[in-house]
Every structure is written in structure tokens, then in C-alpha cells.
Amino acid sequence: MTIHTVLIVDDKADVRLSLKFLFKNNGFTVLEASDLAKAHLQIQGNSIDLVLLDMNYEFDTTSGDEGLKFLKQMQGVSAPPIIAMTAWSSINLAVEAMRFGAKDFFAKPWDNHAVLMMAKKHLALADIERVSTPINRAKVQSSSSASLLWHSPAMQQLKRQIDRIAKTDATVFLRGENGTGKTCIAQYIHQQSLRSGAFVGVNVAAIPENLFESELFGHKKGAFTDAKQDREGRFTTAAAGTLFLDEIGTLTLGQQAKLLRVLESHEFERIGDNHTHIADCRILCASNADFEQLIASAEFRTDLYFRLNTIELEIPPLRERIEDITVLAEHFIALHSKKYQLNPPTLTPAALAVMQTYSWPGNIRELSHMMARAVLMTENGNIGPSDLSLKRSHNEVEQANPIPALSLMTLEEAELKLLKMAMAQCNNQVEDAALLLGISKSAIYRRLEKFNIKTK
Ligand SMILES: Nc1ncnc2c1ncn2[C@@H]1O[C@H](COP(=O)(O)OP(=O)(O)OP(=O)(O)O)[C@@H](O)[C@H]1O
């Protein structure tokens, strides 16, 4: 279990002490700072997961200017999430603090349980953000392929193909956009295979150019300045198992030549070693790149491409298999609710309707993160469209909600009709209907009043 570190920044020792007890008793590591200069030093010198920041200090006990200045300085720096606290439950100061980057706020005196829940929520959200970045994604293993869902006809057909080829030793090239499940499918192929060794995944894009050979083939102690001891490469670790090379389209021509040699001859040498080893692993690889384009521009060798794509499988993007959305969304709601020990919220039909017309640029990974956020943020037990944090372009909104063939009518009549349709589709949830219509909350309330439409 991860132990999170919280930094409490407050000039009042009694405040620091109470919060310190609260967080220590709940399994956190606690650091303190009695002023903002010390807070800067703590942040620079330690790995801090969350900051509780008092907004007012000795010289100026009401305006919150010092806290705001600190928040401003932290903007753009990869700082931990900050929760503002103020003795003056001034809504204006809280709003200002959030405008300057605070994730949340609470007023003193506080409710211990509420503060703990707030802290846990923002730590969980920060974890989601961290895993969303490509570099961190490379380090985080995909969740077990045992929980893979194959619901849509397209995925069921893919599964039938995979089950047929899994037991052979054929090299498989998985193509598809980011987040479509290529890594999970590679793990599944390994599980279904007859290979007794390990599944070894390597994101080749994350290996620095000068370490590529050492990483894949290994090295002997003393082979180069930093080679302090013998190291086995991934080809050796994957012996009798499967080597999964992810982001294969990012290989340089030099790296491609080295890989091609081992794929053709099944032989390799560790750096600094004359002994030739036999490569005994099945190769799976994946990419989201446009390979036809890479080959046409001579950035990827044709001979290597043909070595890699004995079987080529295209994993469809989520927007092309909308039958999977409900099943996956419910799977992720259950998964994240269990993880964060919360009651699973219900996905409303209005939210689902919006999700089915969304383009899902981040595919299943985006859906998983979206459901994690919704589980953490939803307050009334229902996930509505406004809980989804969708990023739509104007065109998408238009395509998603095409205006049904309306017979000619006045603008006023059309407005009323659309308003009623949106309210009906969103179960009378005004904010959700506003989102669906692409207008602000105040704009929809104005129109509801104008047409005398009751919301309850
Ligand atoms: N069929 C599925 N059922 C359940 N979860 C899935 C499925 N496919 C993918 N996922 C989940 O979606 C997320 C992304 O999957 P994965 O990492 O395999 O995608 P990817 O295509 O390899 O992404 P990238 O191209 O960025 O490496 C993971 O959390 C994974 O568990």
C-alpha cells in the first residue's frame, strides 16, 4: 500500500498539531511548515503528495494574499495538489484560491472525516493524472488481462482470431490507437499460449538510444563506463516466454538493424561478450503509428516490418464499437468504487447517451479514467453528463446531437421543442440538459423560465 506524504502549512502550531494527529492516525506521513518559505523548502526537498495550505499568515490575517501568492508561484511547477484552508470561511477567498490552482478548500474549524475524504479524493485524482501521462504509462503495467471484456461483435471476432493464433509461435503485430487495449491483448495472447516462460513488456520508445542494446541484449561488467555488473537483457528474461515490444514505430534505423539481425538469425550477443546466445522468445509488438507512411518515407525498414507482421491485428477504436461502452463503463465503475471504497454510482441514461456519441480520443484508457473521476466526484450517487469531463469540439457537439428533421417552424417553436427534448433525455436534470444543448446553466434557466417549463 502506498503511504502518502502530506505537508501542513500553517503558522499556528495548534492547527498543525491537530491536523498532524488526524493524518498520522490515518496512515499518512506528515511534514510541517510554519511559514511559506519553509513550505517551499519542504516541497523542493521531499516527495510530497498533498499540501494543506493556510491562506493567512502573521502579518496579514484576513486577505489571503500570502496564500494566493504561494499558489501562484506553484502554478506551472509540477507541484502536488494543494487544498486551501482558511479561518475565515470567505467564499470569495476560496474561489480565488481555486482560481490560482488550489484543488479544493475547507474552512476552520473543520470536520475531520470530511477533510480526510477530501484529501483522499485529491490524492486519488492526482494518481489518475500521473498514470495518464505517457512516460508514467510506460512504467505502469496494464491491469490484468484476465479482466478483459470482449463484448461487441468486432471484439468477439478479434478474440476468435486471437484464440486461434495464441497457441502458435507466430509473431503478432497489434495495431491500433493509444488506449485500445494492445498491451492487455498481448498479455492475453501470452496467457493463452503454451509458453512456460515470462511475459516481458518493453516500451521501446522509453529506452534512451544509447541503452537500447544493453536493455534488449544485456551487457558484461566493464563493457562500458556505467556497466558496474553483468546485466541480462530482455531477450534473456523472456526466454521460453514472450517479448512484447510496444511503440515499435519509434525505433531508429540503427535500432531496427539490430533487432532485424536477432529476428532473422535468432542469435544475439551481450555487449562486451563474445559468446553467442540463442533467442528463444516469441515476439509480439504493437504500434499506433501509420506504418504505410513510415515505410513510404523510408523511416521503417520493409524487411523488418515483414518479419514482425506474420499476423497483423487491428484493434478497433472505442468509437467504432459503441456496444462496448456500457459494459466497459460499468466494469470500471465497479473497479474504481472498490478501489476507493465508495458505493458504486449509477450511470444515468443521459450520461450514456452522451458517451455513445463521444469520439474517445484516448479510447478505453480515457473511459477508465473518466469513470474513476466520476466515482470520486459524483455526490448524489448518479453519474450524469456533467460528471463526465468530456472535451468536445464544436463540430462534435453538432454531429453528436444532430437536429432531427424538423418541419419548418418559428425559431421560438424550435427552441421550445429542443429544450423539451433535452430535458426529457436528461430526466429533467437541468445541468445535464444544458450540457447537451451546449449552453450555460444560466442560459438554460432563462429559457426554462421563458417557456414556463417546470423542472420538478
Ligand atoms: N477489453 C478490455 N476490457 C477491459 N479493460 C480493457 C480492455 N482493453 C483495454 N482495457 C483497459 O484499458 C486501458 C488501456 O489498455 P492498454 O494499456 O492495453 O492499451 P494500449 O493500446 O496498449 O495503449 P498504448 O497504445 O497507450 O500503449 C488499461 O487500463 C486496460 O486495462
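All residue numbers refer to positions counted from 1 along the written sequence of the respective chain. In keeping with the predicted nature of the model, local features appear solely for residues at pLDDT of at least 70, side-chain atom pairs appear and are counted solely at 80 or more, and the whole-chain, interface and lining totals rest on all residues. Each side-chain value is worked out from all heavy atoms of the structure, with water and hydrogens disregarded.

## A look at the pairing of strand β5 (residues 104-107)
We count it as follows: Remark: exposure states derive from per-residue accessible area (1.4 Å probe, protein chains only) relative to the maximum for the residue type, with buried under 20%, exposed over 50%, and partly exposed in between. Numbering goes from the N terminus for both helices and strands, where a helix is a DSSP run of H or I of at least four residues and a strand is a run of E of at least two. A pair of strands is considered paired only if DSSP assigns at least 2 bridges between the two.
Going residue by residue along β5, you find Asp-104 and Phe-106 tucked away on one face and Phe-105 and Ala-107 left uncovered on the opposite face. Strand direction decides the pairing type here: strand β4 (residues 82-86) and β5, joined by four bridges, are parallel. For Ala-84, the partnering residue across the bridge sits in β5 and is Phe-105.

## Observations concerning the UniProt feature "modified residue: 4-aspartylphosphate" (unreviewed entry) in the protein chain
Our working definition: UniProt positions are given in the numbering used here, feature names are shortened, and annotations may be inferred rather than shown by experiment. The criterion used for residue contact is that any of the two residues' heavy atoms lie within 4.5 Å.
The sites that carry the UniProt feature "modified residue: 4-aspartylphosphate" (unreviewed entry) are, in the present numbering, Asp-54. Residue class for Asp-54 comes out buried when judged on its relative accessible area of 2%. Other than its neighbours up to four places away in sequence, Asp-54 contacts Val-9, Asp-10, Asp-11, Gly-67, Met-85, Thr-86 and Lys-108.

## Some remarks on helix α11 (residues 253-265)
Filter applied, for reference: Take the residue count of a helix, subtract one, and multiply by 1.5 Å to get its expected span.
Taking 1.5 Å as the rise per residue, α11 with 13 residues should run 18 Å; its terminal C-alpha atoms sit 18 Å apart, in good agreement. For α11, the full list of buried residues reads Gln-255, Gln-256, Leu-259, Leu-260, Val-262 and Leu-263. Buried residues in α11 make contact with α9 (212-217), α10 (234-237), β10 (242-246), β11 (267-269), β13 (282-287) and α13 (302-308). Following α11 by one or two positions, His-266 has its phi on the positive side, about 60 degrees.

## What to know about the packing of helix α2 (residues 36-45) against helix α3 (residues 65-74)
Selection criterion: Orientation is described by axes fitted as lines to C-alpha atoms, over the contacting stretch for helices, and by angles from 0 to 180 degrees between their N-to-C directions. If an angle is under 35 degrees, it is roughly parallel; if it is over 145, roughly antiparallel; if it lies from 65 to 115, roughly perpendicular; otherwise it is oblique. For any pair of crossing helices, the crossing counts as left-handed if the nearer helix is rotated counterclockwise from the farther one by less than a right angle, and right-handed if it is rotated clockwise. Here the term charged refers only to Asp, Glu, Lys and Arg, the term nonpolar to Ala, Val, Leu, Ile, Met, Phe, Trp, Tyr, Cys and Pro, and the term polar to all other amino acids, Gly among them.
Contact pair α2 / α3: the axes reach a minimum separation of 11 Å and the direction vectors enclose 25 degrees. Classified by the interaxial angle, the pair formed by α2 and α3 is roughly parallel. As α2 runs across α3, the sense of the crossing is right-handed. Between α2 and α3, the contacting residues are Leu-36, Ala-39, His-40 and Ile-43 on the first element and Glu-66, Gly-67, Phe-70, Gln-73 and Met-74 on the second. Along the lines of polarity and charge, the residues of the contact of α2 with α3 split into five nonpolar, three polar and one charged.

## A few points about the sheet that holds strand β3 (residues 50-54)
The five strands are arranged β2-β1-β3-β4-β5 in an open sheet whose pairing can be described as parallel. Every other strand in the sheet has two partners, leaving β2 (29-33) and β5 as the edge strands with one partner each. On average, adjacent strands in this sheet sit at an angle of 20 degrees to one another, irrespective of strand direction. Pairing analysis gives five bridges linking strand β1 (residues 5-9) to β2, with the strands arranged parallel. Note that in β2 the partner of Leu-7 across the bridge is Leu-31.

## Thoughts on the packing of helix α18 (residues 411-425) against helix α20 (residues 441-450)
Helix-helix packing is characterised by the crossing angle of the two axes and by the distance between the axes. It is the contact of α18 with α20, at a shortest axis distance of 11 Å, that shows an interaxial angle of 110 degrees. Classified by the interaxial angle, the pair formed by α18 and α20 is roughly perpendicular. As α18 packs across α20, the resulting crossing turns out to be left-handed. Side by side, α18 and α20 meet where Glu-412, Glu-415, Leu-419 and Met-423 of the first sit next to Ile-444, Arg-447, Leu-448 and Lys-450 of the second. Looking at the contact of α18 with α20, its residues break down into four nonpolar, no polar and four charged.

## Thoughts on the sheet that holds strand β6 (residues 172-175)
The strand order across the open sheet built from five strands is β7-β10-β13-β6-β14, with neighbouring strands paired in parallel fashion. The sheet is open, and its two edges are formed by β7 (199-203) and β14 (311-314), each paired on a single side. Neighbour to neighbour, the strand axes of the sheet diverge by 20 degrees on average, direction disregarded. Sheet topology places β6 next to β14; four bridges connect them, and they run parallel. Its bridge partner being in β14, Phe-173 is matched across the sheet by Glu-312. Running over the sheet, helix α7 (residues 153-166) touches β6, β13 and β14 and is turned about 155 degrees from β14.

## Quick word on the pairing of β10
Burial runs high along β10: five of the five residues are buried. Covered by surrounding structure in β10 are Thr-242, Phe-244 and Asp-246 together with Leu-243 and Leu-245, the residues of both alternating faces. In this sheet, β13 lies alongside β10 in parallel orientation, the contact comprising four bridges. Opposite Leu-245, over in β13, you have Cys-285 as the bridge partner.

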